[in-house]
Amino acid sequence: MAENLNLFTSTQNVIKEALTKLGYTEEMYELLKEPLRMLTVRIPVKMDDGSVKIFTGYRAQHNDAPGPTKGGVRFHPEVNEEEVKALSMWMTLKAGIVDLPYGGGKGGVVCDPRQLSMREIENISRGYVRAISQIVGPTKDIPAPDVYTNSQIMAWMMDEYSRIREFDSPGFITGKPIALGGSHGREKATAQGVTICIHEAAKKRGIDIKGARVVVQGFGNAGSYLAKFMHDAGAKVVGISDAYGGLHDPDGLDIDYLLDRRDSFGTITTLFDNTITNQQLLEIDCDILVPAAISNQITEENARNIQASIIVEAANGPTTLEATRILTERGVLIVPDVLASSGGVTVSYFEWVQNNQGYYWTEEEVNEKLHENLIKAFDNIYEISQTRGVNMRLAAYMVGVRRAAEASKFRGWV
Ligand SMILES: NC(=O)C1=CN([C@@H]2O[C@H](COP(=O)(O)OP(=O)(O)OC[C@H]3O[C@@H](n4cnc5c(N)ncnc54)[C@H](O)[C@@H]3O)[C@@H](O)[C@H]2O)C=CC1
Ligand SMILES: O=C(O)CCC(=O)C(=O)O
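A brief structural summary. Quantities reported herein were computed from a predicted structural model and do not represent experimental measurements.

By nearness alone, 24 residues border ligand 1, and Asp146, Tyr148, Thr190, Gly266 and Asn316 come closest of all. Contact between ligand 1 and Arg186: an oxygen atom at 2.9 Å from a side-chain N or O atom of the residue. In this structure, Thr190 approaches ligand 1 through a side-chain N or O atom, which is 2.8 Å from an oxygen atom. Of all the elements in the fold, those that place two or more residues in the shell around ligand 1 are helix H6 (186-204) and helix H7 (221-232). Of the residues assigned to the shell around ligand 1, the class counts are eleven nonpolar, eight polar and five charged.

Following this line, the structure appears as structure tokens:
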């Protein structure tokens, strides 16, 4: 039978298993098995050549019992409704895992910013905010960056929302430039969180980071800073990749040079001739593998060929459930996306708190709080995985889903 690559239904399966393990009723699963709200919008955009093109966008709000929903906005040609729904469910889990007063939300626009001018990207960003403005806001649903969106796009979106509402609304969105109320540390937060998880996982497996061989798929916000942090910690980054291919050097790549030359979409390999494919990259002999690009990269097709003994998921949904089963049986430790990539939303929460109070923290303060949250979350999930005899993905879902379930119960929804 063909493997289930549908992110939405496979997420439902694990949520169901987690709720059952926690002793919740079938009604609770019925509530949490899909988003409470899903808005599909069509955005007319004036293109540079004078024509008008209609783009499709989505915003999913999974569960707002714990507080406003929160999650990024993705601009990518493969954005689709099922993926956005799954991504919003993972945001609920992340908020539960790092103990933030949020439910999960997520959005996306079907487009390829690599083929668009800055003005066209700005028009899409502003059009998207106009289309979803009724259901978002600083106390309703707070967007943030994700694949192919960045602080400039957050700035345009914040400006558009402030115009619509007729007051300055920095807390409407996070991941903003510092000059517009962004938080120190947000840009590197996802990679910081992944780094903390790598250090903790390496301790559990007796691997010394100094000299450890690391492969990173994706060289954008999450992947490039992660490669830099690993390099600075003394690891040997032997492989990196982007959407066009990968680079491999068993002696370690020159990460500072690559960082210097990558473009704003995390593209670097197009500057080189001797590239490998993304599939070859995942199978490189290494100690730690970090998928930091897109979903469904490690599947039943290649799970048996993965050489790493630790996989830390910076990307959302990079490993299928079947691959998780195969790798776990082979003794590979997988630190799941909902834990490993939760550093981004953690510092987004800090940004929102700073916007609400109008008082800003230093990067050291932000990083200290991030470190505290992530270590606590990692230890808790690792401990549950050991005592309950489940893999870290299921343990993370058990921790993550509890807050939304409890909040929904107290509100009398179930
Ligand atoms: N930016 C953030 O704060 C957070 C990001 N994530 C996740 O991390 C992953 C990467 O996100 P960002 O670094 O923010 O995105 P980005 O847009 O900065 O970089 C994306 C990277 O993935 C590569 N890529 C795109 N399509 C690919 C393909 N088909 N095969 C291989 N590589 C491909 C791009 O070339 C680029 O290097 C995503 O799964 C995202 O959801 C998770 C939590 C927070
Ligand atoms: O920073 C945020 O609020 C959300 C980040 C995000 O979209 C994610 O963790 O997948």
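Having put the structure on the table, let's press on.
This part is about the site of ligand 2. Taken together, 13 residues sit near ligand 2, with Lys70, Gly72, Lys94, Lys106 and Ser348 positioned nearest. Interatomic distance of 2.8 Å between a side-chain N/O atom of Lys70 and an oxygen atom of ligand 2. Lys94 has a polar side-chain atom sitting 2.8 Å from an oxygen atom of ligand 2. Computed on the free molecule, ligand 2 has an accessible area of 290 Å², of which 96% lies beneath the protein chains in the complex. Of all the secondary-structure elements, those providing two or more residues to the shell around ligand 2 are helix H3 (81-97) and helix H12 (343-357). Among the elements that line the shell around ligand 2, the one with the most residues is H12, at three residues. A per-class count over the shell around ligand 2 returns three nonpolar, five polar and five charged.

All right, on to the nonpolar core then. Counting residues in hydrophobic clusters, the biggest one holds 87 residues, and the most contacted among them are Leu19, Ile97, Ile198, Ile240, Val335 and Leu339. Among the elements that line this core, the one with the most residues is helix H14 (residues 392-410), at ten residues. Other than its neighbours up to four places away in sequence, Leu339 contacts Ile97, Cys197, Leu374, Ala377, Phe378, Ile381 and Met392. Of all hydrophobic cores here, the second largest spans 27 residues; its members include Ile43, Leu116, Val129 and Trp156.

Here the focus is unusual backbone geometry. What you tend to see is this: most non-glycine residues have negative phi, and most peptide bonds are trans. Residue Asp99 is not a glycine yet carries a positive backbone phi of 65°. Checked against the element boundaries, Asp99 lands in the loop between H3 and strand S5 (103-110). The phi torsion at Asn296 lies on the positive side, around 55°, for a residue other than glycine. Note on placement: Asn296 falls in the loop between strand S10 (288-291) and strand S11 (310-312).

What follows covers the pattern of salt bridges. Per the counting criterion, the structure on display carries 27 salt bridges. A salt bridge links Glu200 to Lys203; the shortest N-O distance between them is 2.9 Å. Highlighted residues: Glu200 and Lys203, both in helix H6, separated by three residues, approximately one helical turn. Its salt-bridge partner being Glu329, residue Arg325 comes within 2.8 Å of it at the nearest N-O pair. One end of the pair is Arg325 and the other is Glu329, both in helix H10 (residues 321-329) and four residues apart, which spans about a single turn. By relative accessible area, which is 38% here, Arg325 ends up partly exposed.

Moving on: the packing of aromatic side chains. All chains considered together, the criterion is met by eight aromatic pairs. Ring geometry for Phe378 and Tyr382: centres 6.1 Å apart, planes at 10°, overall stacked. Highlighted residues: Phe378 and Tyr382, both in helix H13 (residues 363-388), separated by four residues, approximately one helical turn. For the residue pair Phe378 and Tyr382, the accessibility class agrees, reading buried in each case. These aromatic residues form a ring-pair network of at least three members: Tyr102, Tyr349, Phe350, Trp352 and Trp361. Above the ring of Tyr225, the side-chain terminus of Arg262 is found at 5.8 Å from the ring centroid. One residue, Lys369, lies across the ring of Trp361, its end atom 4.6 Å from the ring centre.

Cut-offs used in this document
- Residues numbered from 1 in each chain as written.
- Chains lettered and ligands numbered in written order.
- Predicted model: local features only at pLDDT ≥ 70, side-chain atom pairs only at ≥ 80, totals over all residues.
- Heavy atoms only, no water.
- Near = heavy atom within 4 Å.
- Polar contact = N/O pair within 3.5 Å; in protein donor to acceptor, adjacent residues only side chain to side chain.
- Helix = DSSP H or I, 4+ residues; strand = E, 2+ residues; numbered from the N terminus.
- Nonpolar A, V, L, I, M, F, W, Y, C, P; charged D, E, K, R; others polar.
- Areas by Shrake-Rupley, 256 points an atom, 1.4 Å probe, with all protein chains shown as cover.
- Core = buried A, V, L, I, M, F, W, Y, C linked by side-chain atoms within 4.5 Å.
- Buried < 20%, exposed > 50% of the residue type's maximum accessible area, 1.4 Å probe, protein only.
- Contact = heavy atoms within 4.5 Å.
- Salt bridge = Lys/Arg side-chain N within 4 Å of Asp/Glu carboxyl O.
- Phe/Tyr/Trp six-rings, centres within 6.5 Å; stacked < 30°, edge-to-face > 60°.
- Lys NZ or Arg CZ within 6 Å of the ring centre and 35° of its normal.

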